[in-house]
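Observations on the model geometry
This is what each chain is made of:
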Amino acid sequence: MRCVIIAGSPKADIAYIKSVVSDKDYVICADRGCDYALQANISPDLIIGDFDSYTEKIPFDCEIIKLQVHKDDTDTQHCVDVAFERGFKDIVILCGTGGRLDHTIANISVLQYIAEKGGKGLLLSAEERIEILDIGNYNYNGYSGKTFSVFPFSCNEICVSYNGTEYPMDNDILTSSVAMGISNIFTSDKASVVIHSGYALMIINTYT
């Protein structure tokens, strides 16, 4: 099973949420995410938040964890911690981009937190697939024609190799000060990205 967290970004594509969440998923709503779940006709298993962005009566009969407004982590971060406590390592975050840039960056940081704890995290929207890649080999099937970008994240540089891309790389260095990893294109439905060192931020533009 995977855990799907519906966050509270002001940019929510209800049809996309419906297309991603399945009956087998364990669904956690972060604050305003419960409104998006209601619109998508999804019954969450758990709702977590300080409820500063959702002030209506909670429309679901499920477990609720209420947080203090003044706290050291975000609602989404707390959702991830609870997901790990309950045994989930495959975590998808929806409604975590758009709106305030600082919130989006915070959610990308949560992806690294997931990776450091040995989990697999994805930040998904109708336009983008975002993930943090630790050292390893990653296969991308079915993305031919899609644009992607790779950047160092929380480090000065990364060493990468690509196969099945318009601009192949072989143990090449990408630095945080020069955006050389932007706007590559998958040219094969069986492409791969290898991270030899560092943490990489991978963004696939799924709408192209």
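The structure reproduced in this document is the subject of the present report. No experiment lies behind these values; they were computed from the predicted model shown.

**Side note on the overall build of the protein**
A tally of helices and strands in the protein yields 4 helices and 14 strands. The C-alpha atoms of the protein give a radius of gyration of 18 Å, which matches the 17 Å a tight globule of 208 residues would have. Counting only C-alpha atoms and orienting by the principal axes, one finds that the protein spans roughly 55 × 30 × 30 Å. The buried share of the protein, taken over its 208 residues, is 49%. Summarising the internal contacts of the protein: among those between residues at least 6 apart in sequence, 59% fall at separations of at least 24.

**With respect to the state of the cysteines**
Applying the stated criterion across every chain, the model contains 0 disulfides. Free cysteine: Cys 79, not disulfide-bonded; nearest cysteine sulfur from Cys 3 at 7.7 Å. Classification of Cys 79 as buried rests on a relative accessible area of 0%. With no disulfide partner, Cys 159 has as its closest neighbouring cysteine sulfur the one in Cys 155, 11 Å distant.

**Concerning the sheet that holds strand S12 (residues 184-185)**
A sheet is described by the order of its strands in space; here 10 strands give the open sequence S4-S3-S2-S1-S5-S6-S7-S14-S9-S12, paired in mixed fashion. Lying at the two open borders of the sheet, with one neighbouring strand each, are strand S4 (63-66) and S12. The sheet strands contacting helix H3 (residues 75-85) are strand S1 (3-6), strand S2 (26-30), strand S3 (46-49), S4 and strand S5 (90-94), and the helix crosses S2 at an angle near 155 degrees.

**Things to note about the environment of Phe 88**
Checked against the element boundaries, Phe 88 lands in the loop between H3 and S5. With relative accessibility at 9%, the residue Phe 88 sits in the buried group. Non-local contacts of Phe 88, meaning those with residues more than four positions away in its chain, are made with Met 1, Arg 2, Cys 3, Tyr 26 and Ala 83.

**Thoughts on the packing of aromatic side chains**
What the rule picks out here adds up to 6 aromatic pairs. Here Tyr 143 and Phe 186 contribute two aromatic rings whose centre-to-centre distance is 6.1 Å and whose plane-to-plane angle is 40 degrees, an arrangement assigned as tilted. With Tyr 143 in the loop between strand S8 (136-141) and strand S9 (147-152) and Phe 186 in the loop between S12 and strand S13 (190-197), the pair connects residues that are 43 residues apart, well separated along the chain. Neither residue differs from the other here; Tyr 143 and Phe 186 are each classed as buried. Site record: aromatic cluster; members linked through ring pairs are Tyr 140, Tyr 143, Phe 148, Tyr 162 and Phe 186. Positioned above the aromatic ring of Phe 84, the side-chain terminus of Lys 117 is 5.2 Å from the ring centre.

**Observations regarding the nonpolar core**
Among the nonpolar cores identified, the biggest contains 29 residues, and Cys 3, Ile 5, Ile 28, Ile 91, Ile 93 and Ile 132 are the most heavily contacted of them. Those elements that place two or more of their residues in this core are S1, S2, S3, H3, S5, helix H4 (101-116), strand S7 (128-133) and strand S14 (200-205). In this view, Ile 91 contacts Cys 3, Ile 5, Val 80, Ala 83, Phe 84, Ile 114, Lys 120, Gly 121 and Leu 122; residues no more than four positions away in its chain are not counted. Counting 22 residues, the second largest nonpolar core, distinct from the first, contains Val 4, Ile 17, Val 20 and Val 21.

**Looking at the side chain of Thr 97**
With respect to the helices, strands and loops of the structure, Thr 97 is situated in the loop between S5 and H4. Given a relative accessible area of 12%, Thr 97 falls into the buried group. Excluding residues within four positions of it along the chain, Thr 97 makes contact with Ser 9, Lys 11, Thr 104, Leu 123, Ser 125 and Ile 130.

**A few points about the pairing of S13**
The pairing of S8 with S13 spans 6 bridges and is antiparallel. Bridge pairing links Tyr 140 to Ala 191 in S13.

**Some details on unusual backbone geometry**
Even without glycine at this site, Cys 95 takes up a positive phi of about 55 degrees. Residue placement: Cys 95 occurs in the loop between S5 and H4. By relative accessible area, Cys 95 is classed as buried at 8%. Even without being a glycine, Asn 171 presents a positive backbone phi close to 55 degrees.

**Focus on the pairing of S14**
The element S14 is largely enclosed, with a buried count of 6 among its 6 residues. Where burial is concerned, the two faces of S14 agree: the one with Ala 200, Met 202 and Ile 204 and the one with Leu 201, Ile 203 and Asn 205 are both buried. The sheet contact formed by S7 and S14 spans 6 bridges and is antiparallel. The residue of S14 that forms the bridge with Ile 130 is Ile 203. As judged from the 6 bridges shared by S9 and S14, these two strands associate in the antiparallel manner. In the strand pairing of S14, Phe 148 is matched with Ile 204.

Rules used in this analysis
- Residues numbered from 1 in each chain as written.
- Predicted model: local features only at pLDDT ≥ 70, side-chain atom pairs only at ≥ 80, totals over all residues.
- Heavy atoms only, no water.
- Helix = DSSP H or I, 4+ residues; strand = E, 2+ residues; numbered from the N terminus.
- Rg over C-alpha atoms; globule rule 2.2 N^0.38 Å.
- Buried < 20%, exposed > 50% of the residue type's maximum accessible area, 1.4 Å probe, protein only.
- Contact = heavy atoms within 4.5 Å.
- Disulfide = S-S within 2.5 Å.
- Pairing = 2+ DSSP bridges.
- Axes fitted to C-alpha atoms, helices over the stretch in contact; angles between N-to-C directions.
- Phe/Tyr/Trp six-rings, centres within 6.5 Å; stacked < 30°, edge-to-face > 60°.
- Lys NZ or Arg CZ within 6 Å of the ring centre and 35° of its normal.
- Core = buried A, V, L, I, M, F, W, Y, C linked by side-chain atoms within 4.5 Å.

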